[in-house]
Amino acid sequence: MSLANLGVLLIPIAILTYFIGFFLTTFVTITCALIYFRKRVYIIIKTFPRDVRFIRGMGRLIVTSKKCTKQNLTIIALFKRQLEKTPDKDIYLFEDQVWTMRDVENYSNKIGNIFKEAGFKKGDVIALFMTNRPEFICIWLGLAKIGVITALINSNLKGNPLKHCLDAASCKALIFSDDLSEMVFELESVSIDMYQASGTIKDDKVINLVQMLKDAPTTTPPLDEEISIRDKLLYIYTSGTTGLPKAAVMPHSRFVLATLAMISLLDLKDDDIIYNPLPLYHTAGGTLGAGPALSHGIKTVLRKKFSASLYIADCIKYKATIGQYIGEMCRYMLATIPKPEDTQHSLRNMIGNGLRPAIWSAFVRRFQIPRITEVYGATEGNVNIANLDGTIGAVGSLPQCLPSFLFPVAIIKIDPETMKPVRNKDGLCIRCKANEPGMFVGQIKKNDPSREFHGYVDKKASENKIWHDVFHKGDSVFVSGDLMVMDDYGYIFFKDRTGDTFRWKGENVATSEVEAVVSAVAGLKDCTVYGVQVGELEGKAGMAAVVDPGNELDMPKFALALDKALPQYARPLFLRVLSAMELTGTFKLMKGQLQRQGFNPDDVPDKLYFRQGSTYVPLDKHMYSSIVAGDMKL
């Protein structure tokens, strides 16, 4: 065979050998990669349906919220648009009352006209101190129509905390309901106008809003200046991490975003009915719960106060399809006597936060709830996530099919002693690995409704919630104050709350506020307040350690004084009497060791007391065991 013929034969053999080698090498490489990354591939495949739903829902929410921003669709504009479509649709049910969209429009217009005539203008702040009822929503909506910001005051507050809320937001007036008049009349050194919105007027210093509403016009109040979606709508108070309540800013854009999130998360339809027994002064009840009725005409049931025994009965009565909760509510409901009616409701979903993993399965099983949507968010912040598939204990999840740098939220390493971020050699923060606890943060981006941080009225308090140079130089994040942990599948679980705030009875309790009261009623004695875990109960119960070496405390008087100054959820359940208190080098009270010791008589060398009835009684081992076992009502 000639060399030429041999060359012709070898060329295709060489080409074939090359491609075989290429494909074989590629196959081996891919196989090795799959073997090496098999766990990662498995996780992506397993979580893909969940993550697709998350990405689709989040994408739809971001697009819709940006559209609302571009078109300047405030909650007023969204309500007006829905009003034109369904003016006679029932949207709020309360006791034996039925409020249509037209009813809400007329009442809110009256409010707007009354306060416009009284001289209030855009940017002014009026406090609303009222228990749950449709008028609550109509009042702040009416004030919003003339650009007035409404400060929503916790209806449990009294005395100095109540006065502080009025002062902190520079309120020019206070609107209150008759059932809270006693707390209003007890206020001292408050010189703003007082408007009573219900009941019989008992004080001639109070302006009769009831009579004014009868005579006010129902026409749309005139506007001197256009209302923008970026304008402030509400101030919602939150305890924060220290001190008295702080006023968190909620502009129209954030209210609209929260409302759209509720609709998107639950895939709400026109015929859905929301059952909302949560307080309207909180974000969950006042925004997530009340918003869909205004923007989309979703019928919503309001309740003056949550009742564990009547929750399911109400859902049956009103044919509710969506139920709202906070973790404590679920525990109270589970503690009621089982009834055949427990499963005779039409609920298809319950949405809320704080459902404890220990009771999650039992709650779902007993009441036959098809789906639980656990959510996590901060009134003032931008760290908002949701558990979309009912994984027990998770507050949300992050898609595993996408790289972590694409996520607007993250868990970053912190120093457990200082609670400050751990930084690398470049001065940037470090993301936590799977199953490693850290601080939950959210990236701040201006002009993005889902990423903006509006903060508090108090600018300094806002600055304390921001960290800079986190993932790259020049960026900033909102600091939630909560420690979280994410598992291998991207599920995020709540670990602990940092700072001096603890949660009890569904409310945040600021220890410095309680300490000030305890010290005052105890005769200015040194004291410290902290939260302690009680068995499997949700949150932490309040405990006060007071320096009283001479045993001078009169327990009945001490308890009565606390009752007058503090709402029930903030009153310490446990009391520890000390002969002296350890101080830091900067003369700060040490509470870490006290908190770790808790209220177990075996671990505490000092006298312990438990709040029982109208006084504090000695706490012994038998009582301790009964409390931890859940045999005693707290």
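Residue positions are given per chain, counted from 1 along the sequence in the order it is written. Thresholds applied to this predicted model are a pLDDT of at least 70 for local features of residues and 80 or more for the giving and counting of side-chain atom pairs; totals over whole chains, interfaces and linings are not thresholded and use all residues. The basis for the side-chain values is all heavy atoms of the structure; hydrogens and waters are excluded.

## Regarding helix 4 (residues 101-117)
- Each helix corresponds to a stretch of at least 4 residues labelled H or I by DSSP, and each strand to a stretch of at least 2 residues labelled E; elements are numbered beginning at the N terminus. Under the convention used throughout, the expected extent of a helix is 1.5 Å for every residue step, that is, one less than its residue count. Here helix 4 spans 24 Å end to end across 17 residues, near enough to the 24 Å set by a 1.5 Å rise per residue.
- Across the 17 residues that make up helix 4, a large majority, twelve, are buried.
- Burial status follows relative accessibility: with a 1.4 Å probe on protein chains alone, a residue under 20% of its type maximum counts as buried, one over 50% as exposed, and anything between as partly exposed. Looking only at helix 4, the buried set comprises Met101, Val104, Glu105, Tyr107, Ser108, Asn109, Lys110, Ile111, Gly112, Asn113, Ile114 and Phe115.
- Of the residues trailing helix 4, Gly119 is marked for its positive phi of about 100°.

## A look at a nonpolar patch on the surface
- Judged by side-chain polarity, Ile55, Leu402, Phe405 and Leu406 come together as a nonpolar surface patch covering roughly 380 Å² of accessible area.
- Within the element layout of this structure, Leu406 appears in the loop between strand 16 (394-397) and strand 17 (409-412). Patch membership is restricted to residues that have no salt bridge and whose relative accessible area is over 30%. Joining uses 9 Å for like charges and 5 Å for the nonpolar side chains Val, Leu, Ile, Met, Phe, Trp and Tyr. Note on areas: these come from Shrake-Rupley sampling with a 1.4 Å probe, and a residue is covered only by the protein chains present in the view. Note on definitions: salt bridges are taken to be side-chain nitrogens of Lys or Arg within 4 Å of carboxyl oxygens of Asp or Glu.

## Section: the sheet that holds strand 11 (residues 299-302)
- Between any two strands, pairing holds if DSSP finds at least two bridges. Here we have eight strands laid out as an open sheet, ordered 2-1-11-10-12-13-14-15, and mixed in their pairing. Edge positions in the sheet fall to strand 2 (97-100) and strand 15 (385-386), since each has one partner strand and no second.

## A look at the sheet that holds strand 3 (residues 125-129)
- Pairing is mixed in the open sheet, where seven strands are placed in the order 7-6-5-3-4-8-9. Looking at which strands have only one partner, the edges of the open sheet turn out to be strand 7 (207-208) and strand 9 (246-251).
- As paired strands, strand 3 and strand 4 (residues 149-152) are joined by four bridges and run parallel to one another. Residue pairing across strands places Ala127 opposite Ala151, the latter belonging to strand 4.

## Regarding the pairing of strand 3
- Within strand 3, five of the five residues are buried, leaving the element largely enclosed by the surrounding structure.
- Residues Val125, Ala127 and Phe129 point to one face of strand 3 and Ile126 and Leu128 to the other, with burial holding for every one of them.
- The handedness of a crossover follows from its direction of travel: if, with the strands pointing away from the viewer, the path from the first strand over the helix to the second runs clockwise, the crossover is right-handed. With helix 5 (residues 134-144) bridging strand 3 and the parallel strand 4, this β-α-β connection has right-handed handedness.
- Where strand 3 meets strand 5 (residues 173-176), four bridges bridge the pair, whose relative direction is parallel. Residue pairing across strands places Ala127 opposite Leu174, the latter belonging to strand 5.

## Points about the environment of Met484
- Within the secondary structure layout, Met484 lies in strand 20 (residues 476-486).
- Take Met484: its relative accessible area is 0%, and that puts it in the buried class.
- Along the sequence, Met484 and Pro49 sit 435 residues apart, while their C-alpha atoms lie 24 Å from each other.
- Two residues qualify as a contact provided that any one of their heavy atoms is within 4.5 Å of a heavy atom in the partner residue. Not counting residues up to four positions away in its chain, the partners in contact with Met484 are Tyr376, Val395, Ile411, Glu436, Pro437, Gly438, Phe440, Ile492, Phe493, Phe494 and Lys495.

## Quick notes on the pattern of salt bridges
- A full pass over the atoms with the stated rule returns 25 salt bridges.
- For the salt bridge of Glu105 with Lys80, the shortest nitrogen-to-oxygen distance reads 2.9 Å. With Glu105 in helix 4 and Lys80 in helix 3 (residues 75-85), this residue pair connects regions lying 25 residues apart in the sequence.
- The exposure class assigned to Glu105 is buried, which follows from its relative accessible area of 7%.
- Accessibility expressed as a relative area gives 32% for Lys80, which makes it partly exposed.
- When the shortest N-O distance is used, the salt bridge between Glu105 and Lys145 registers 2.8 Å. Placement of Glu105 in helix 4 and of Lys145 in the loop between helix 5 and strand 4 is noted, with a sequence separation of 40 residues between them. With respect to class, Glu105 is no different from Lys145; both count as buried.
- A network of salt bridges, in which partner residues are shared, links Lys80, Glu105 and Lys145.

## Re unusual backbone geometry
- Unlike most non-glycine residues, Ser170 shows phi in positive territory, near 55°.
- Within the fold, Ser170 resides in the loop between helix 6 (159-168) and strand 5.
- Assessed through its relative accessible area of 55%, Ser170 is described here as exposed.
- The backbone of Gln368 sits at a positive phi, close to 50°, despite the residue not being glycine.
- Taking the relative accessible area as the measure of exposure, Gln368 reaches 49% and is therefore partly exposed.

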